[in-house]
Amino acid sequence: GDNIVAMDLFSLPHHVFEAQSVLSSDERMHQTRASSTPLPDPLPSFLPDRLSMHGTWCAGHDHTQDQILVAICRRSGMLEIYYLLDLKRSPNDVSPIWQSRGCGHGASVLAHSDQDIAVRLPESHQVEAAEIRVFVTGPSLSLDGENDAEKDAWMLRSLCILVNTSLGDLHLYSGCKRSSNLNLEFTRIPLGNVSRPSEEAGRHLTKLRRKGIVSESDVMAFRPNRLHRFCAISGEDGLFAATQRPLWFVSERGTPTVVSHKSRHVAPAGGRPVPVSGFSAAMPAVFQNASCGFITLHERIGRIGSQRLTLYSGLYDVFSPHGVLPGGGICVQKVPLGVTVRHIEFIDDASVSTSSRPIYVMLISREIEADQSYLNDDGLSPEERQRIKDEKEAARIKKQVEADLGGFDIEQEWVEEIEREDCFEVDRNLGFAPSIPQRKYEVWLVDASSQFSVLDKYELNEFEHGTALKSLFLTNVIEDSDETPEKSLFVSVGTSFIDQDGEDLASKGRVLLFQVKKSKGKTQGVHRRHTPLHLNLRSEKEITVGPVTSLSSLKSEDTYRVVVGAGAEVTVEQWGSGKLTQVGFYHAHMQVQEIVLFKTFFLLSDAYDSLHFLVWRESDKSLTLLAKDYEPTQVFAAGLISRGGAMAFVCHDDRQNLKFFQYAPADAEARGGNKLVCRADVHIGSQTTALQSHWCQSSLLFNSCTMPSTLAALKQQDVLFGRLEDDQRFAVTFGTTDGSVGSIISLSEPVFWRLTALQSVMSNALESNCALSHR
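Residues numbered from 1 in each chain as written. Predicted model: local features only at pLDDT ≥ 70, side-chain atom pairs only at ≥ 80, totals over all residues. Heavy atoms only, no water.

(A) Region of interest: the overall build of the protein chain. Helix and strand counts for the protein chain stand at eight helices and 41 strands. Counting the 775 residues in the protein chain, one finds 41% classified as buried. Of the accessible surface of the protein chain, which amounts to about 43400 Å², a share of 51% is contributed by carbon and sulfur atoms. (Helix = DSSP H or I, 4+ residues; strand = E, 2+ residues; numbered from the N terminus. Buried < 20%, exposed > 50% of the residue type's maximum accessible area, 1.4 Å probe, protein only. Areas by Shrake-Rupley, 256 points an atom, 1.4 Å probe, with all protein chains shown as cover.)

Structure, rendered in structure tokens:
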């Protein structure tokens, strides 16, 4: 029969589910003329255009008269809402005040219907609602609710329904009243998140049962509640879903959104039904400082079934004033620095940076107004100025005569000796020399544990621009020594001199090497609990071939070196005796845009000559070209993707295309192995400047925020983990200039053809917008 599969009790004002008719202007005028008394204005007199406007019906309402309602969901998908008092009076003869079909079946809209409409379901569609919750998401309200802040908060509160199906899916609905009769209806909001358990988790559970780590009796027949409403956590109301992937449902600028919850030292997925088995929004009285916090109980690493109790002070990292939800359920923390951050690197040294005090180094630029008041008056008389000018002109003529007699060109030398005072003169009758905007570059050492406070800074020279920043290890190589060389962590900065000599001379650059050292002395201010740190400049090297555009770390036979891309040259520099020494080089064609390293292989992107694939040979310390793309493509960014033993190169060109290349010497298109074979290309229609390669984490590790400990526990449970091709995948993530974010990931062949077939079916089954074809 149509049994009840889920139920919820909640409290709302009595008029929420009441219908308010809205008449047109002609109908109102006709009824007003026919009636001697004017008609009352409907509540409200306008239709909302946002899903989060449901709170406007509740503003100013007396909450002491709220009604307790009962929501019942049946196996057929019928959602019925009753008054609790009506059920108590006549449980066998009561009609619902609101009902709708499709709950738990993925319906796009849950609207009130008085008719008994049968919903046709596929024969193999065996899914039903396992749990439902009706909740309000948005800013918390006080009991009085009379101040101005409370009135604005009502506009950001939404009435929502969350449905957890028997397959583990989550369906989120937001309430609104915008039909002709103002009946309440719920519209489904796409989450963009997978909530059901993955197939990998099911396979891992099968392995644990086969090894006897998890027995059949560990699966409980009783299913505890997984959807938990909360109030006043960091000033917000919402819901916490303790499902296979724990999620927070909160308000993001008036619209319900979802934020993932990750735990510390959580056990890999698959061993237990859910990672978080307990949640409480009520804190013990002893924790007065965390009265707005919550408690979670999650499965910890170690023996299957062991748990960890964690107390949180709140969600202040998500909500203001410390955090912000910029969109899409992504939580970030906004730290105003007042400067432009060009590059940022983490100091991966346990002696300097810890989990409680992470240290970063940043390359920043700030705009300043350069004072030119010294040009107004140089303190000389007109006769002295004319005499100095004549002397300079005579010296220049003398050099030119010597150059003509000697047969050499002095133009280059003459350009270098140009003084800016000779370029113009200040006519004080017209005005004084104005200040000019300039950009100043600095290297900052910051402490992330104290709102990115600056620990130390290093200012670059005038006309020197910071173009590259990299935190890397370098091995101190001492020639003719039997001692084992030691490696040290350095902060390398690449610079370029721009506008110093105009456009007549080629730009040059420098490579600066810093080390983070602990200062000796008494600590002051906010850092009195920690040892003060400072940047120590160890070495600098001038690069004359061009501006430094790329810095990378090369490891070969336990020796760490730095790879410098400057102009059209790629040089391999070795650290030793307190300086950098060039040990290898490669000459590109135009301009080195970026260098991506993996092992001893180089993916060099030329700004105007596409991709080059190089290899470093330690035996003769040489860079050898293996293959390249012979098409003259302007490359904006380059990256790597891989799956198992297969690897491909991705580049983004000036025509907003993504091209995928592969090094295949045995392929006929490779011209004997000298050409990179283009496997695919796609037009994304947006411009990007960076392609970041990263390891694709397993779905078994998704719930962990301490990845190394969870991965170690997973390898103890399954010693064969990581040997499959799907466990060895690198993806590429990129951001575009129009604000979008994308990711490219390699798939197995069965999954690819299954998605291709699904795409073909959807193109025929779904309606297209604006009469455009999906194909």
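(B) The arrangement of the sheet that holds strand β34 (residues 622–628) in detail. Overall, antiparallel pairing links the four strands, which are arranged β31-β32-β33-β34 in an open sheet. The two strands at the open ends of the sheet, each matched to only one other strand, are β31 (592–598) and β34. Sheet twist, expressed as the average angle between the axes of neighbouring strands with direction ignored, equals 30°. Across five bridges, strand β32 (residues 601–606) lies against strand β33 (residues 611–617) in antiparallel orientation. (Pairing = 2+ DSSP bridges. Axes fitted to C-alpha atoms, helices over the stretch in contact; angles between N-to-C directions.)

(C) Seen up close, the packing of aromatic side chains. According to the stated counting rule, one finds 20 aromatic pairs in the structure shown. Note on F473 and Y560: the rings are 6.0 Å apart at their centroids and 50° apart in plane angle, and the pair reads as tilted. In this pair, F473 sits in strand β23 (residues 464–475) while Y560 sits in strand β28 (residues 559–566), placing the two residues 87 residues apart along the sequence. The exposure class of F473 is partly exposed, given its relative accessible area of 26%. (Phe/Tyr/Trp six-rings, centres within 6.5 Å; stacked < 30°, edge-to-face > 60°.)

(D) View of the pattern of salt bridges. Overall, the coordinates contain 26 salt bridges when judged by the stated rule. Here the residues in one salt-bridge network are D8, E131, R133, R223 and R229, joined through shared partners. (Salt bridge = Lys/Arg side-chain N within 4 Å of Asp/Glu carboxyl O.)

(E) Up close: the pairing of β28. Extensive coverage of β28 is indicated by the burial of eight of its eight residues. Neither face of β28 is exposed, since T559, R561, V563 and G565 on one face and Y560, V562, V564 and A566 on the opposite face are all buried. Bridge count for strand β27 (residues 548–556) against β28 is eight bridges, and the pairing is antiparallel. Within β28, the residue paired with S553 across the bridge is V562.

(F) Quick peek at the confidence of the model for the protein chain. Per-residue confidence for the protein chain gives a mean pLDDT of 83, with 84% of residues at or over 70. This model gives residues 31–61 a pLDDT under 50, and the stretch forms 58 contacts once residues within four places in sequence are excluded. (pLDDT = per-residue confidence, 0-100. Contact = heavy atoms within 4.5 Å.)

(G) Spotlight on the sheet that holds strand β21 (residues 436–447). The four strands are arranged β19-β20-β21-β22 in an open sheet whose pairing can be described as antiparallel. On the outer flanks of this sheet lie β19 (340–346) and β22 (453–459), each paired with one strand and no other. Each strand axis lies, on average, 30° off the axis of its neighbour in the sheet, ignoring direction. Here β19 pairs with strand β20 (residues 359–370) via six bridges, running antiparallel. Among the inter-strand pairings, T340 is bridged to a residue of β20, identified as S365.

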